[in-house]
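Fold and geometry: a report
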Amino acid sequence: MKFNKFVTYASALTLGLTLSAQIFAKENIALVISTLNNPFFVTLKDGAQKKADELGYNLIVLDSQNNPAKELANVEDLIVKNPKVILINPTDSDAVGNAVLAANKANIPVITLDRASNKGDVISHIASDNIAGGKMAGDYIVEKLGKDAKVIQLEGITGTSAARERGEGFNRALQEYQFTLLASQPADFDRAKGMNVMQNLLTSQPNVQAVFAQNDEMALGAMRAIQAAGIKNIMIIGFDGTDDGIKAVERGRLAATVAQQPELIGAMGVETANSIIKGEQVATEIPVELKLITK
Amino acid sequence: MHTINIKRLLIEQKSLITLLVLVILVSSLNSHFFTLNNLFNILQQTSINAIIAVGMTLVILTSGIDLTVGSLFALTGAIAASIIGADISPFLAITAVLAIGAAIGASTGIIVAKGKLQAFIATLVMMLILRGVTLVYTKGSPISLGMSDNAELFEWIGFGQILGIPVPIWIMAIVFIIAWYMLKYTRLGRYIYALGGNEAATRLSGINVDRVKIAVYAMCGLLCALASTIEVARLSSAQPNAGTGYEMDAIAAVVLGGTSMSGGRGKIIGTLIGALILGLLNNGLNLLEIDPYYQMIVKGAVILFAVLVDNKTSK
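Residues numbered from 1 in each chain as written. Chains lettered and ligands numbered in written order. Predicted model: local features only at pLDDT ≥ 70, side-chain atom pairs only at ≥ 80, totals over all residues. Heavy atoms only, no water.

1. Quick look at the overall build of chain A
Scanning chain A for helices and strands turns up 10 helices and 12 strands. Along the three orthogonal principal directions, the C-alpha set of chain A runs to about 85 × 50 × 30 Å. For chain A, buried positions account for 50% of its 295 residues. Relative to all contacts within chain A whose residues are 6 or more apart in sequence, the contacts with residues 24 or more apart total 72%. Surface accessibility of chain A: about 13,600 Å² in total, with carbon and sulfur atoms responsible for 50%. Counting 29 positive and 33 negative side-chain charges, chain A places the centres of these two groups 6 Å from one another. (Helix = DSSP H or I, 4+ residues; strand = E, 2+ residues; numbered from the N terminus. Buried < 20%, exposed > 50% of the residue type's maximum accessible area, 1.4 Å probe, protein only. Contact = heavy atoms within 4.5 Å. Areas by Shrake-Rupley, 256 points an atom, 1.4 Å probe, with all protein chains shown as cover. Lys, Arg positive; Asp, Glu negative; His and termini not counted. Charge placed at Lys NZ, Arg CZ, Asp CG, Glu CD.)

Spelled out as structure tokens, the structure:
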């Protein structure tokens, strides 16, 4: 008797799942995402999902839980299903290499999102345009304070691509408008270091009018140092658009933050996959615009 | 009379039945599932957890537990990657890493046995220390194998094939055969069951209980190191946060395989089936395109169900 009941439930479940599988018998695109435990990547996934729905694809989303071994297993599982394109948001640029190679071997095109892969053939890499973001910060300072602005830059960890590119963009603004860069020092993307470096600079450069920090953490550290010194009217611009950063902008503590647009990164990933499926040429590097958030 | 036998068979083979039900369910829902490639995927992905779970089975049979496996996995992986990265022969490197794994496992065993600590507490503390050592050793960054000939040779452990079957599957099979033989036919195997069944009685019958304990933790450490070399070979790099949560996967495989958490009762073949159930769940949920958040709930529910059934039937 009980067994019969079980059979009924099991077959109902099977039927239900089979039916729903048939309803979604559209072409598959897969997204292997580094983690769904971080709002940035959840937003990225939502952007991809929305675009996939719009273009009529079935988006398979697999979560690597920040574990490259799980990432490789996910890609191996996907290869069996033979999706048209695999979008990978790597957990780590080195460790993702063999997952990309596995997809290459199965002749499934790969697009990387946000982080690049150091190995394998990737058709397109889609990430924030950090150079444009740095330029945006410089432009904003000149727009608000004019070309005579006296500015300090807090740099991220030397040698990282984010620090290099954000600095390069900021430099372009400097070249264009010829404002005064009083000092530019590394504070390693760290809030405490941002505070210490800013404290030191405030004594040596009391005329400073604006600070560009290459991430929000350093910007918030600089903000503390400036508050502690009792100085007003120094404009601070951060980068990333973190929750803390945006809150500080809303309260008028930071003048602005250059925010990444994870939703757009996801959407552009699916759009690029669509172009590949249609047989169109796509760029190997697709920079995604950043957005200046002000009060 | 006949029905009773069937009932007993169902109870005894419940892990196997769970596995078969899952196989039938997933393969009827997805046509890709029952392909050779996918079966190799499952076995290969299972191999890492399965090898760790063998070590965990030995420890749990003595009524202990080893929570260090995830941290030990990360540390031995980092050591393996840095040795290979220094362009040293893989044979030498693997031997060294296995020895280090066994030595760290043995020291955990010594703390448990000689320190007279509860295994849960002792290994919880060691888990923290070993993770810290790993972070110090790796400086928090991944260690790459590099591109040398030795690195390529080493990667064969992760990607090579013998007779068309991937190497990790061979390693897993060999580990299970050795463990099965040891538990069934050697004196150490009998001591492990005896110790888990009744420690006082075992001690009174003149068996060196401490030595058995140290041996099982050492074997668990060695198997962790072995599993870790496979993962490092598969990824071509070692991650400082590798192995996080692997202790839970291993314990889940042991429990799904019907080994009693209070020790003394269980079979190594059950652990293999338990690990396969978990691997198959991961793979099947991916193939069926179940939402990632729901995957965790489904996995948890399956384990809970299996444990509840086990609890009811093993009394």
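2. Observations concerning the nonpolar core
Grouped together as the largest cluster of nonpolar side chains are 110 residues, with contacts concentrated most on Ile86 of chain A together with Ile51, Ile52, Phe154 and Ile171 of chain B. By residue number, the principal contributor to this core is helix α11 (residues 209–235) of chain B, which donates 14 residues. The next biggest cluster of nonpolar side chains, apart from the first, holds 26 residues, and it includes Ala183, Ala187, Ile234 and Leu254 of chain A. (Core = buried A, V, L, I, M, F, W, Y, C linked by side-chain atoms within 4.5 Å.)

3. A word on a positive patch on the surface
A grouping of Arg224, Lys247, Arg251 and Arg253 of chain A is seen on the molecular surface, where their side chains present a positively charged patch. Tracing the chain through its elements places Arg224 of chain A in helix α8 (residues 216–228). (Patch = residues over 30% accessible without salt bridge, like charges linked within 9 Å, V, L, I, M, F, W, Y side chains within 5 Å. Salt bridge = Lys/Arg side-chain N within 4 Å of Asp/Glu carboxyl O.)

4. Looking at unusual backbone geometry
One non-glycine residue, Asn66 of chain A, lies in the positive phi region at around 60 degrees. By the secondary structure assignment, Asn66 of chain A is in the loop between β2 (58–63) and α3 (68–81). Among the residues examined, Asn66 of chain A registers a relative accessible area of 39% and is labelled partly exposed. Unlike most non-glycine residues, Ser63 of chain B shows phi in positive territory, near 65 degrees. When you line up the elements, Ser63 of chain B lands in the loop between α3 (36–61) and α4 (69–85). The class for Ser63 of chain B is partly exposed, based on a relative accessible area of 37%.

5. Here's the deal with the pairing of strand β11 (residues 285–288) of chain A
Residue and element names in this part refer to chain A. Of the two faces of β11, only one is covered, namely that formed by Ile286 and Val288; the face formed by Glu285 and Pro287 stays uncovered. Judged from the 4 bridges that link them, strand β5 (residues 124–128) and β11 form a sheet pairing that is parallel. Following the sheet pairing, His125 is matched in β11 by Glu285. (Pairing = 2+ DSSP bridges.)

6. What to know about the sheet that holds strand β1 (residues 28–33) of chain A
All names here are of chain A. Within the open sheet, the 6 strands sit side by side as β2-β1-β3-β4-β5-β11. Their pairing is parallel. Looking at strand neighbours, the two that pair on one side only are β2 and β11, the edges of this open sheet. The sheet shows a mean angle of 20 degrees between the axes of neighbouring strands, taken without regard to direction. (Axes fitted to C-alpha atoms, helices over the stretch in contact; angles between N-to-C directions.)

7. Side note on helix α9 (residues 187–197) of chain B
Two residues of an α-helix separated by three or four positions point the same way, owing to the 3.6 residues in each turn. All names here are of chain B. Here α9 has its buried residues at Gly189, Ile192, Leu195 and Gly196. Viewed end-on, α9 has its buried residues packed into an arc of 130 degrees, placing them on one side of the element. For α9, the exposed residues lying more than 90 degrees away from the buried face are Arg187 and Gly197. Against α3, α8 (167–185), α10 (199–204) and α11 lie the buried residues of α9. (Arc of directions from axis to C-beta.)

8. Overview of the pairing of strand β4 (residues 110–113) of chain A
All names here are of chain A. The alternating pattern of β4 places Val110 and Thr112 and Ile111 and Leu113 on opposite faces, both of which are buried. Sheet analysis places strand β3 (residues 85–88) next to β4, joined by 3 bridges and oriented parallel. If you follow Ile86 over to β4, its bridge partner there is Val110. Following the backbone out of β3, through helix α4 (residues 97–105) and into the adjacent parallel β4, one traces a crossover that is right-handed. Bridging between β4 and β5 involves 3 bridges; their strand directions are parallel. Paired with Ile111 across the two strands is Ser124, which belongs to β5. (Right-handed = clockwise from strand over helix to strand, strands pointing away.)

9. Remarks on the packing of helix α12 (residues 246–256) of chain B against helix α13 (residues 268–287) of chain B
Residue and element names in this part refer to chain B. Their axes nearest at 7 Å, the elements α12 and α13 cross at an angle of 120 degrees. Taken together, the axis directions place α12 and α13 in an arrangement best described as oblique. As for the relative orientation of α12 and α13, their crossing is right-handed in sense. Residues Asp249, Ala252, Ala253, Val254 and Leu256 of α12 form the contact with α13, whose own contacting residues are Gly270, Thr271, Gly274, Ala275, Ile277 and Leu278. (Parallel < 35°, antiparallel > 145°, perpendicular 65-115°, else oblique. Left-handed = near helix turned anticlockwise from the far one by under 90°.)

10. Side note on helix α9 (residues 243–250) of chain A
Residue and element names in this part refer to chain A. Of all the positions in α9, only Gly245, Ala248 and Val249 are classed as buried. Buried residues of α9, viewed axially, fall in a sector of 100 degrees; they line one side. Away from the buried face of α9 by more than 90 degrees, exposed residues Asp243, Lys247 and Glu250 are located. Elements that come into contact with the buried residues of α9 comprise α8, β10 (256–259) and β12 (291–294). Remark: Gly252 follows α9 within two positions and exhibits a positive phi of approximately 80 degrees.

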